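# Commentary on secondary and tertiary structure
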Amino acid sequence: GEDVEQSLFLSVREGDSSVINCTYTDSSSTYLYWYKQEPGAGLQLLTYIFSNMDMKQDQRLTVLLNKKDKHLSLRIADTQTGDSAIYFCAEKNTNAGKSTFGDGTTLTVKP
Amino acid sequence: DSGVTQTPKHLITATGQRVTLRCSPRSGDLSVYWYQQSLDQGLQFLIHYYNGEERAKGNILERFSAQQFPDLHSELNLSSLELGDSALYFCASSVGGTGANVLTFGAGSRLTVL
């Protein structure tokens, strides 16, 4: 079945870049997502990438996909204290409705 | 406000009881998903409905059931509650069920079983 794994914690200094990594097992994954969860709130989509892409950039966010290694990363440039949250990686294949989520990476940004 | 409404926000109940969680999807969305978020198991998919029909089932216990009504709102029923059912229950909605299918999440219902 599908499985998505992420490291649980990451701590960075304000102004540094953050890189959150994710691996997945389903070779038929077609879409890969990054969601953000702030305290007391639901998950909010940050960005997603189609599996035929290697990279997607959106302002401070850069997503890299290595399909061969089934590895996805999210880079946040110039990380701010407001970026402190839990970041979830998720995957789905094109015919399935559901997305499979990792356990989330808690990002702590220190001033 | 994401447009997905979940009630109640918080619920405290005792073991053996039954509760119903309610979700109203974002306007125009036909799909509703239920996820359980607990400390030790991350975000677990429970069930997916599309336009009133069940589309996929995940790790949903037999004590749990769900349905999606003609007005597209959904309810998740949890019965014979156990301590381990304490968790955040999220509802998410999307336009369809295939393709990129971006999910919009509600704020969650926090269930505490004592």
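Higher on the page you've got the structure.
Residues numbered from 1 in each chain as written. Chains lettered and ligands numbered in written order. Predicted model: local features only at pLDDT ≥ 70, side-chain atom pairs only at ≥ 80, totals over all residues. Heavy atoms only, no water.

## A short note on the pattern of salt bridges
Residue and element names in this part refer to chain A. Here the structure, examined in full by the defined rule, presents seven salt bridges over all chains. Between glutamate 38 and lysine 36 there is a salt bridge whose closest N-O contact spans 3.1 Å. Using a relative accessible area of 36% as the deciding quantity, one classes glutamate 38 as partly exposed. For arginine 60, the salt bridge is made with aspartate 83, and the minimal N-O distance between the two is 2.9 Å. On the criterion of sequence distance, the pair formed by arginine 60 in the loop between β6 (55-58) and β7 (61-66) and aspartate 83 in the loop between β8 (71-76) and β9 (85-92) is long-range, its members being 23 residues apart. On the basis of relative accessibility, which here comes to 32%, the residue arginine 60 falls in the partly exposed class. (Salt bridge = Lys/Arg side-chain N within 4 Å of Asp/Glu carboxyl O. Buried < 20%, exposed > 50% of the residue type's maximum accessible area, 1.4 Å probe, protein only. Helix = DSSP H or I, 4+ residues; strand = E, 2+ residues; numbered from the N terminus.)

## Looking at the sheet that holds β7 of chain A
Residues and elements named next belong to chain A. Ordered in space as β1-β3-β8-β7-β6, the five strands form an open sheet in which the pairing is antiparallel. A single partner strand is all that each edge strand has here, and the edge strands are β1 (4-6) and β6. Neighbour to neighbour, the strand axes of the sheet diverge by 15° on average, direction disregarded. Here β7 pairs with β8 via six bridges, running antiparallel. Along β8, the bridge assignment pairs leucine 64 with serine 73. (Pairing = 2+ DSSP bridges. Axes fitted to C-alpha atoms, helices over the stretch in contact; angles between N-to-C directions.)

## Brief notes about the sheet that holds strand β3 (residues 19-24) of chain B
Residue and element names in this part refer to chain B. Across the sheet, which stays open at both edges, the four strands sit in the order β1-β3-β8-β7 with antiparallel pairing between neighbours. On the outer flanks of this sheet lie β1 (5-7) and β7 (64-68), each paired with one strand and no other. Shown here is a sheet whose adjacent strand axes are inclined to one another by a mean of 15°, direction ignored. Relative to β3, β1 runs antiparallel, the two sharing three bridges. Paired with threonine 5 across the strands is serine 24, a residue of β3.

## Focus on the pairing of β3 of chain B
Residues and elements named next belong to chain B. Side chains Val19, Leu21 and Cys23 of β3 all project onto a buried face; the interleaved residues Thr20, Arg22 and Ser24 project onto a face where none is buried. Strand direction decides the pairing type here: β3 and strand β8 (residues 74-78), joined by five bridges, are antiparallel. Each bridged residue has a counterpart across the sheet, and for arginine 22 the counterpart in β8 is glutamate 75.

## Overview of the nonpolar core
Within the largest apolar cluster, 20 residues are counted, with the highest numbers of intra-cluster contacts made by Trp34, Leu76, Leu78, Tyr89 and Leu111 of chain B. Of all the secondary structure elements, the ones that give two or more residues to this core are β3, β4 (31-38), β5 (42-50), β7, β8, β9 (87-94) and β11 (109-113) of chain B. Beyond its immediate chain neighbours, meaning those up to four positions away, leucine 111 of chain B contacts Leu11, Thr13, Val19, Leu78, Leu81, Asp85, Ser86, Ala87 and Tyr89 of chain B. Judged by nonpolar contacts, the second largest core, of 19 residues, contains Leu61, Leu72, Leu74 and Ile76 of chain A. (Core = buried A, V, L, I, M, F, W, Y, C linked by side-chain atoms within 4.5 Å. Contact = heavy atoms within 4.5 Å.)

## Things to note about the state of the cysteines
Residue and element names in this part refer to chain B. Inspection of every chain in the model, using the stated rule, returns two disulfides over all chains. The partner cysteine of cysteine 23 in its disulfide is cysteine 91, sulfur to sulfur 1.8 Å. Note on the cysteine 23 and cysteine 91 pair: the S-S dihedral is about -55°, so by sign convention the disulfide is left-handed. Taken together, the residues cysteine 23 in strand β3 and cysteine 91 in strand β9 connect sequence positions 68 residues apart. Here cysteine 91 falls in the buried class, since its relative accessible area comes to 0%. (Disulfide = S-S within 2.5 Å.)

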